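What follows is each chain in one-letter form.
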Amino acid sequence: MRIAILGGRGTLGTLVAGALEQRGHEVAVLGRRDGVDALTGEGLDAALVGVDVVVDALNFQGMSAKKARAFFGGTARTVTAAAARAGVRRVVVVSIAGAADPEVHRRHGYYAGKAEQEAAYLAAATGRAAEGAPVTIVHSTQWFELVDQMVSMIPLGPAALLPTMRMAAVSAGSVAAFVAATAERDAADDTLPVVRSLAIRGPEVATGAELARTIAAVRGTVGGRRPRVFWELPLFGKAIASGGLVPGGPRGEAVIGAAGGVEPVTVDPVTVREWAGRGERG
Ligand SMILES: NC(=O)c1ccc[n+]([C@@H]2O[C@H](COP(=O)([O-])OP(=O)(O)OC[C@H]3O[C@@H](n4cnc5c(N)ncnc54)[C@H](OP(=O)(O)O)[C@@H]3O)[C@@H](O)[C@H]2O)c1
């Protein structure tokens, strides 16, 4: 199969590309460095000729809701329209479990952008003009790698300060393998609904500070530092602090999906201790 990966040089995109190549697919890595801009559409039509499935692993850095909505909504509309024109069978987009819930993204501009992205893909796939491609939304929880990034962002001497987030964190490598398998399977199955969603999460629920403490205990460092104390503050509001990012309750039961149907939740078995013990970092 020919599979195009938007954001294919990013953290997740690189891993998805590797997983798909290992499965014997022809992979086209697309980003601005490759002459493809997913926001303006530059180079996109030409890059999608002959492509069976598109993986959207694009990202935007920042917390402004206005800018995040413009980026994620804009790229989603551009990508789905180009995919439909090219006859791509399906777009698989990587999103964040819980982010589309208004209670969750009310105080998190980046998550508001992810909500806009999902809404744009959904509207295009189901709209009366059918101007978009069929879409599979993969709702991933936060990656262990994110904990390193969060700790390195606020340098506070011997202390690590993190926003209070209850997460069922998962390894980016596991999410990439799941996205690759989903892209392969969904592109080959004409019987799937035009919109479907799946979730993947890790096996344990913990806050960012608890995860950071475990990573530091196993690996010696977290976020390139050796903090002695770990603090957290509910900077992103109550829903994020109290489990709004965790799909499927304590045991990962199925939840209601993007199109209103049942969304199956896959619980990846890799724990934070196992991940940190491998020496991987974000
Ligand atoms: N971090 C987490 O815990 C987590 C959890 C769940 C889901 N996710 C989602 O996973 C996705 C991927 O995240 P990531 O951290 O792997 O991303 P990343 O490392 O920041 O990479 C993003 C990629 O997007 C490309 N890009 C940005 N703007 C572009 C544009 N206008 N046109 C074409 N390409 C563009 C960049 O390539 P160029 O600069 O070369 O264009 C880059 O390769 C995101 O949507 C994120 O929300 C993340």
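Shown above is the structure to which this text applies.
Cut-offs applied
- Residues numbered from 1 in each chain as written.
- Predicted model: local features only at pLDDT ≥ 70, side-chain atom pairs only at ≥ 80, totals over all residues.
- Helix = DSSP H or I, 4+ residues; strand = E, 2+ residues; numbered from the N terminus.
- Buried ≥ 20, exposed ≤ 12 C-beta atoms within 10 Å, placed from the backbone.
- Contact = placed C-beta atoms within 7 Å.
- Pairing = 2+ DSSP bridges.
- Axes fitted to C-alpha atoms, helices over the stretch in contact; angles between N-to-C directions.
- Near = placed C-beta within 6 Å.
- Expected span 1.5 Å × (residues − 1).

> Now, about the overall build of the protein chain: what can you tell me, with residues and values included?
Across its full length, the protein chain holds 10 helices and 14 strands. Considering only C-alpha atoms, the protein chain reaches an extent of 55 × 35 × 35 Å along its principal axes. When burial is assessed residue by residue, the protein chain has 51% of its 282 residues classed as buried. Here the analysis covers contacts within the protein chain between residues at least 6 apart in sequence; of these, 79% occur between residues at least 24 apart.

> Requested: an account of the sheet that holds strand E7 (residues 159-163), with residues and values cited.
The three strands lie next to each other as E6-E7-E11, forming an open sheet whose pairing is mixed. Edge positions in the sheet fall to strand E6 (155-156) and strand E11 (229-233), since each of these pairs with one other strand and no more. Where E7 meets E11, five bridges bridge the pair, whose relative direction is parallel. The partner of alanine 160 across the bridge, within E11, is phenylalanine 230. Sheet strands touched by helix H8 (residues 208-219): E7 and E11. Its angle to E11, the strand with the most contacts, is close to 165°.

> Tell me about the environment of glycine 24, and please be specific about residues and values.
Examined against the element boundaries, glycine 24 turns out to sit in the loop between helix H1 (11-22) and strand E2 (26-30). When the C-alpha atoms of glycine 24 and methionine 150 are compared, they prove to be 35 Å apart, with 126 residues separating the residues in sequence.

> Lay out the sheet that holds strand E14 (residues 265-267) in plain terms, naming residues and giving numbers.
Either a parallel or an antiparallel arrangement is found when strands of a sheet pair, and the pairing is made through backbone hydrogen bonds. Read across the sheet, seven strands follow the order E2-E1-E3-E4-E5-E9-E14 without closing on themselves; strand pairing throughout is parallel. A single partner strand is all that each edge strand has here, and the edge strands are E2 and E14. Taking the axes of each pair of neighbouring strands and ignoring which way they run, one obtains an average angle of 20° across the sheet. Alignment of strand E1 (residues 2-6) against strand E3 (residues 53-56), held across four bridges, turns out to be parallel. In the strand pairing of E3, isoleucine 5 is matched with valine 55. The strands that helix H5 (residues 109-126) touches are strand E4 (90-96), strand E5 (135-140) and strand E9 (195-201); relative to E4, the one it contacts most, it runs at about 155°.

> Mind laying out the site of the ligand, listing which residues take part and the relevant values?
Of all residues adjacent to the ligand, which total 24 residues, the nearest are Gly7, Gly10, Gly31, Arg32 and Asn59. Of all the secondary structure elements, the ones that give two or more residues to the shell around the ligand are H1 and E4. Top contributing element to the shell around the ligand by residue count: H1, with three residues.

> Quick rundown of H8? Include the residues and the values.
Here H8 contains 12 residues, and its C-alpha end-to-end distance of 16 Å stays within 8% of the 16 Å for a straight helix at 1.5 Å per residue. Positive phi appears at glycine 220, one or two residues downstream of H8, with a value of about 95°.

> How would you summarise H5 if you had to cite specific residues and measurements?
Given a rise of 1.5 Å per residue, 18 residues ought to cover 26 Å, and the 26 Å separating the end C-alpha atoms of H5 matches this to within 8%. In terms of burial, H5 is a largely internal element, 14 of the 18 residues being buried.

> Describe the environment of threonine 136, and please don't skip the residues or the numbers.
In this fold, threonine 136 is placed in strand E5. On the neighbour-count criterion, threonine 136 (26 C-beta atoms within 10 Å) is buried. Those residues in contact with threonine 136 that sit more than four places away from it in its chain are Arg90, Val92, Thr182, Asp186, Arg196, Ser197 and Leu198.

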